[in-house]
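These are the residues of each chain, in order.
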Amino acid sequence: MSSGGFELNNKRQYEVVFIVDPTVDDEVARLTDGFKQIVLDQGGVVTKAETMGKRQLAYEILHQKEGTFVLMEIEGSGKEIAELERRMRVNDRVLRYLTVRVDEDRRRAEKLKERRTRKAAKRPSRGGAPARRTGAVEFAEAAE
């Protein structure tokens, strides 16, 4: 089984946002730690876990008008996400969750940033050339 080397080259990045029932504020940290442990047990890495606080929901979910939002950034092969989502689905305290794969978008953004930097380096500097006159000034001089 050569899965060890394959997974190292095939790490993907995910953002997972989940909304916790606001009536269990004291359990948010414990719940987040439990989810982190699930990811670690499956071979993934949690690069960031941030509680964004209690916020108003756009619409009522299970008779709740607000919820505590938590963001986790995870690196892994995908099986961690499957297990994490399964656990979130059966947990009564998690109102909603959303997982987004972000590695391809970040790579694309990095390429665009490099391309912009290269184009900016190729552009001639504006320090040596005299400033171009605007149309109003040229019209006034032509009338003289």
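Report follows, based on the coordinates. Sequence positions are assigned chain by chain, starting from 1 and proceeding in written order. Residue-level local features of this predicted model are given only where pLDDT is at least 70; pairs of side-chain atoms are given and counted only at 80 or more, and the full residue set underlies all totals for whole chains, interfaces and linings. Here the side-chain values reflect all heavy atoms present in the structure, with hydrogen atoms and water set aside.

## Observations regarding the overall build of the chain
Looking only at helices and strands, the chain has five helices and four strands in total. Secondary structure elements are defined from DSSP: runs of H or I of at least 4 residues count as helices, runs of E of at least 2 residues count as strands, and each element is numbered from the N terminus. In sequence order, the chain lays out its α and β elements as α-β-α-β-β-α-β-α-α. Per-residue burial over the chain gives 26% buried out of 144 residues. For the chain, the accessible area works out to roughly 10400 Å², and carbon and sulfur atoms hold 50% of it. Here the term buried applies to any residue with accessible area under 20% of the maximum for its type, exposed to any over 50%, and partly exposed to those in between, with areas from a 1.4 Å probe on protein chains only. For every accessible area listed, the method is Shrake-Rupley and the probe measures 1.4 Å; residues are considered covered only by the protein chains on display.

## Remarks on the sheet that holds strand β1 (residues 12–20)
Here four strands make up an open sheet; going across it, the order is β2-β3-β1-β4 and the pairing antiparallel. Only two strands of the sheet have a single neighbouring strand rather than two, namely β2 (45–61) and β4 (94–101). Direction aside, neighbouring strands of the sheet carry axes that sit 20° apart on average. Bridging between β2 and strand β3 (residues 64–76) involves eleven bridges; their strand directions are antiparallel. In the sheet register, Ala 49 faces β3, and the bridge partner there is Met 72. Sheet strands touched by helix α3 (residues 79–90): β1, β3 and β4. Its angle to β4, the strand with the most contacts, is close to 165°. Of the strands in this sheet, β1, β3 and β4 are in contact with helix α4 (residues 103–122), which crosses β1 at around 120°. In short, DSSP must find at least two bridges between two strands for them to pair. Every axis corresponds to a line fitted to the C-alpha atoms, with the helix fit spanning only the stretch in contact, and the corresponding angles, defined between N-to-C directions, vary from 0 to 180 degrees. Here, residues are in contact when the closest pair of their heavy atoms is within 4.5 Å.

## Regarding the side chain of Glu 80
In this fold, Glu 80 is placed in helix α3. Two residue types count as positive, namely Lys and Arg, and two as negative, namely Asp and Glu; His and chain ends fall outside the count. Salt bridges are defined by distance alone: a side-chain nitrogen of Lys or Arg within 4 Å of a carboxyl oxygen of Asp or Glu. Buried within the structure, Glu 80 lacks any salt-bridge partner; Lys 11 is the closest side chain of opposite charge, at an N-O distance of 4.9 Å. A polar atom in the side chain of Glu 80 sits 3.0 Å from the backbone nitrogen of Gly 78. Setting aside its immediate chain neighbours within four residues, Glu 80 contacts Val 39, Gln 42, Gly 43 and Gly 44. In protein, a polar contact means a hydrogen-donor-capable atom and an acceptor-capable atom, both N or O and within 3.5 Å, with residues adjacent in sequence counting only if both atoms are side-chain atoms; elsewhere, any N or O pair within 3.5 Å suffices.

## What to know about the pairing of β1
When β1 meets β3, the two strands line up antiparallel, connected through nine bridges. In the strand pairing of β3, Arg 12 is matched with Gly 76. Pairing of β1 with β4, which is carried by seven bridges, proceeds in the antiparallel orientation. Paired with Phe 18 across the bridge in β4 is Tyr 97.

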